[in-house]
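Here's the letter readout for the chains.
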Amino acid sequence: STYDVVIKNGIICTASDFYPADIGIIGEKIAAICDCIDPVHAGEIIDAEGGIVTPGGIDAHVHVDEPVKLLGDVADTMGEATRSAVAGGTTTIIAFASQDLSLTGPHALSQSVKNTTDMYSKQRLYCDYGLHMILARLEGTGTATRDILDQQLENVYQDCGVSSIKVFMTYPGLQMSDYNLLNAMYASRKNGITTMIHAENGDIVRWMTESLEEQGLLEPYYHGVSRPTIVEGEATNRAVTLARTMDNPILFVHVSSPEAIDTIRRAQTAGLKVYAETCPQYALLSDEDTKCAHGDDFAGAKNICSPPLRPEEVKQAIWRGMNNGSFTIVGSDHCAYLYSSKEKGKHNAFAKCENGRFRYIPNGMPGVCTRMPLLFDAVMRNRLSSLMKFVEINCTNPAKIYGCYPQKGGLLPGSSDADIIVWYPNDKQYDLQPEVITNDLLEHACDYTPYEGVEIKNWPRFTIARGKVVYKEGKLMHDNARGQYIRRKKSSLSSPNNAWPSEWRPAYDKK
Ligand code: URP
Ligand code: ZN
Ligand code: ZN
């Protein structure tokens, strides 16, 4: 037969189109899309029965277990994170390789990435993954700092296909000075590396945390009180100024604050290359969810993340930002820690929370599985404007901004990997179609989901990764798992403006 697999009777939805058509797959690639492929040409047929067919999701913000544990002991291995991803319609995740601070020299970052991919190469992966580089500290002093990093970024791109870094404006041990943020942006611009920014003013967070502790206000809820929306707004504004100074495109990750959104929107209106990611939790949960519910003293800790969940009224600003284009992408920021030490005999990070102090609650929650279904559901509930918008922010834009389009994030015959989701038909109900979210459904290693019991209007019926069905009507197809590391190219969405606020120019641009 001409095609190994043919998906028939589906309605294809991409970031730009919505139309009924069949898809022919040869090997790992999409080979053809046309209005009708004769079943005689198909090795195997998947009948979509009128259901929506989309590209697989790209979740470009996922934290999994690494050789270097800068964020503590997270629950999921890469194997478990990819398993959970495909169970929720995501077929590529971009996780993080943390900088190993014991390594120095021009290939130090490359070595950190290689140590990470070596670890994952021993695991069964259900979908492909890429890696961003987390920069925790810069080597050298004065202008040497900038030049060492320049070399390291050139190498990490050449050696490993890593085209993005993440820098932090908060967290003890990770917080970067403005001086080093400038160094990071200088070296990023020179190498075409996407600069991801965690924008919170770490000094305000530290001051407020100490003062709240002094007043005996220790419960999970006060984590949010210690870092209100203006704390993110200030850091966002400062980072935009630093990025303008360097003429460097930037991307704000996990944006949750109306002040930050306003700053981003203003910068975009002024023509600056400023992009932003938000996460489902900021659109669907609120600071109420960090209060200790259900008679369980510490349950609020499950929903602690940074930036924190915001007051109820902020949710509408998040949906508006997705619909009006302020947010380029949605990522899960999956960063799961076991809540109960009794389960699975694994390390329980919450046990570290000395006297219940919020300062010691590990930051982050699970979400790699639920991102796609929750956002699809948001279209059904008219919160998100259209299914094309859903694909744009969850699949296509993440692939473009992080340099893996059109291999990923689209359905381009001859170019795209056969990473495809067939959703349940909207007008029928199937026995196997989940109606509410339960932790069992999510296939991650974490022992809870913030969305337990939440009603859901659709769920991936078939997840196809590299041409193979890896998830079918609630079941993982373990033998079809073929995930691998993907090298990425430079961003196809962002490039510098060649505009500076003074007559200063980088020396390399003067030649
Ligand atoms: O609370 C969060 N977001 N944890 C994950 C680490 C990060 O800052 O993205
Ligand atoms: Zn962050
Ligand atoms: Zn994160």
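Each remark here, short or long, concerns the structure printed above.
Figured I'd write up the structure that's included with this text. This one's a predicted model, so the numbers in the text were calculated from it and none came from an experiment. (Residues numbered from 1 in each chain as written. Chains lettered and ligands numbered in written order. Predicted model: local features only at pLDDT ≥ 70, side-chain atom pairs only at ≥ 80, totals over all residues. Heavy atoms only, no water.)

When helices and strands are counted, the chain shows 12 helices and 17 strands. Its C-alpha atoms give the chain a radius of gyration of 22 Å, within 12% of the compact-globule value 24 Å for 511 residues. Counting only C-alpha atoms, the chain reaches 65 × 65 × 45 Å along its principal axes. For the chain, the residues scored as buried account for 59% of the 511 residues in total. For the chain, long-range pairs separated by at least 24 residues make up 77% of all intrachain contacts whose partners lie at least 6 apart in sequence. Surface accessibility of the chain: about 19,300 Å² in total, with carbon and sulfur atoms responsible for 48%. The averaged location of the 62 negative side-chain charges in the chain is 5 Å from the averaged location of its 51 positive side-chain charges. (Helix = DSSP H or I, 4+ residues; strand = E, 2+ residues; numbered from the N terminus. Rg over C-alpha atoms; globule rule 2.2 N^0.38 Å. Buried < 20%, exposed > 50% of the residue type's maximum accessible area, 1.4 Å probe, protein only. Contact = heavy atoms within 4.5 Å. Areas by Shrake-Rupley, 256 points an atom, 1.4 Å probe, with all protein chains shown as cover. Lys, Arg positive; Asp, Glu negative; His and termini not counted. Charge placed at Lys NZ, Arg CZ, Asp CG, Glu CD.)

The subject of this paragraph is the coordination of the zinc ion (ligand 2). Looking at the metal site, the zinc ion (ligand 2) is ligated by Lys166 (NZ), His198 (ND1) and His254 (NE2), spaced 2.1 Å from it. Positions of the donor residues of the zinc ion (ligand 2), expressed as sequence spacing, correspond to K-x31-H-x55-H. The distance between the zinc ion (ligand 2) and the zinc ion (ligand 3) comes to 4.0 Å. On the criterion of sequence distance, the pair formed by His198 in strand 10 (residues 194-198) and His254 in the loop between strand 11 (250-252) and helix 8 (258-269) is long-range, its members being 56 residues apart. The exposure class assigned to His198 is buried, which follows from its relative accessible area of 0%. Among the residues examined, His254 registers a relative accessible area of 1% and is labelled buried. (Donors = N, O, S within 2.8 Å, 3.2 Å for Na, K, Ca; no water.)

Right, let's talk about the packing of aromatic side chains for a bit. Across all of its chains, the model carries 10 aromatic pairs by this definition. For the ring pair Tyr221 and Tyr222, a centre distance of 5.5 Å and an interplane angle of 80° mean the geometry is edge-to-face. With a centroid separation of 5.9 Å and 80° between ring planes, the pair formed by Phe390 and Trp423 is classed as edge-to-face. Here Trp423 lies in strand 14 (residues 420-423) and Phe390 lies in helix 12 (residues 387-401), a separation of 33 residues in the sequence. Given the relative accessible area of 0%, Phe390 is considered buried. Trp423 gets classed as buried once you look at its relative accessible area, which sits at 0%. Site record: aromatic cluster; members linked through ring pairs are Tyr120, Tyr129 and Tyr485. The ring of Tyr508 carries Lys190 above its face, with NZ or CZ at 5.4 Å from the centroid. Across the ring face of Tyr405, the terminal group of Lys400 is positioned such that the distance to the ring centre comes to 5.0 Å. (Phe/Tyr/Trp six-rings, centres within 6.5 Å; stacked < 30°, edge-to-face > 60°. Lys NZ or Arg CZ within 6 Å of the ring centre and 35° of its normal.)

As a further point, take helix 1 (residues 78-87). Counting buried positions over the 10 residues of helix 1 gives 8, a clear majority of the element. Buried residues of helix 1: Met78, Gly79, Ala81, Thr82, Ser84, Ala85, Val86 and Ala87, and no others. Among the structural elements, strand 7 (90-98), helix 2 (108-120), strand 8 (128-134), strand 15 (460-465), strand 16 (468-472) and strand 17 (475-476) are those in contact with the buried residues of helix 1. The first or second residue beyond helix 1 is Gly89, which carries a positive phi of 85°.

Let us look at the packing of helix 2 against helix 3 (residues 143-160). Two elements in contact, helix 2 and helix 3, have axes separated by 7 Å at closest approach and are oriented at 35°. Residue-level contacts link Ala108, Leu109, Ser110, Val113 and Lys114 of helix 2 to Leu149, Gln152, Leu153, Asn155, Val156, Asp159 and Cys160 of helix 3. Tallied by class, residues from the contact of helix 2 with helix 3 come to 7 nonpolar, 3 polar and 2 charged. (Axes fitted to C-alpha atoms, helices over the stretch in contact; angles between N-to-C directions. Nonpolar A, V, L, I, M, F, W, Y, C, P; charged D, E, K, R; others polar.)

Okay, the site of ligand 1 next. Near ligand 1 lie 14 residues; those nearest to it are Lys166, Tyr171, His198, Ser306 and Asp333. A distance of 3.2 Å separates an oxygen atom of ligand 1 from a polar atom in the side chain of His63. Within the side chain of Lys166, one N or O atom sits 2.9 Å away from an oxygen atom of ligand 1. When the free accessible area of ligand 1 is taken as 270 Å², the share hidden by the protein chains comes to 99%. Of the residues that constitute the shell around ligand 1, the class distribution is 5 nonpolar, 7 polar and 2 charged. (Near = heavy atom within 4 Å. Polar contact = N/O pair within 3.5 Å; in protein donor to acceptor, adjacent residues only side chain to side chain.)

Note on the zinc ion (ligand 3): its protein donors are His61 (NE2), His63 (NE2) and Asp333 (OD). The metal-donor distances range over 2.0 to 2.1 Å. Classification of the site at the zinc ion (ligand 3) as tetrahedral follows from its 4 donor atoms and the range of 88 to 126° in their angles at the metal. Sequence spacing of the donors to the zinc ion (ligand 3): H-x1-H-x269-D. By relative accessible area, His63 is classed as buried at 5%. (Tetrahedral: all angles 85-135°; square planar, octahedral: opposite > 155°, others 65-115°.)

Right, let's talk about helix 10 (residues 315-323) for a bit. Of all the residues in helix 10, the buried ones are Lys315, Ala317, Ile318, Trp319, Gly321 and Met322. Tucked inside the fold, the buried residues of helix 10 contact helix 8, strand 12 (274-278), helix 9 (280-284), strand 13 (329-330), helix 11 (371-380) and helix 12.

Bringing the pairing of strand 2 (residues 18-26) into the picture now. Sheet topology note: the strand 1 (residues 3-13)/strand 2 ladder contains 7 bridges and is antiparallel. Bridge pairing in strand 2 links Val5 to Ile25. Two successive antiparallel strands, strand 1 and strand 2, enclose a turn made up of 4 residues. Across 5 bridges, the pairing between strand 2 and strand 3 (residues 29-34) is antiparallel. Bridging from a neighbouring strand, Asp22 pairs with Cys34 of strand 3. Counted along the chain from strand 2 to the antiparallel partner strand 3, the turn is 2 residues long, and its residue Gly27 has a positive phi close to 60°. (Pairing = 2+ DSSP bridges.)

Here we come to the pattern of salt bridges. Taken as a whole, this structure holds 25 salt bridges when the rule is applied. A salt bridge links Asp128 to Lys408; the shortest N-O distance between them is 2.7 Å. Taken together, the residues span a long stretch of sequence, with Asp128 in strand 8 and Lys408 in the loop between helix 12 and strand 14 at a distance of 280 residues. Neither Asp128 nor Lys408 differs from the other in exposure class; each is buried. (Salt bridge = Lys/Arg side-chain N within 4 Å of Asp/Glu carboxyl O.)

Let us now look at the state of the cysteines. In the structure shown here, the tally under the stated rule is 0 disulfides. Cys127 takes part in no disulfide bond, and the closest cysteine sulfur, belonging to Cys369, lies 11 Å away. No disulfide involves Cys446; its sulfur sits 10 Å from the nearest other cysteine sulfur, which is in Cys335. Overall, Cys446 belongs to the buried group, its relative accessible area being 1%. (Disulfide = S-S within 2.5 Å.)

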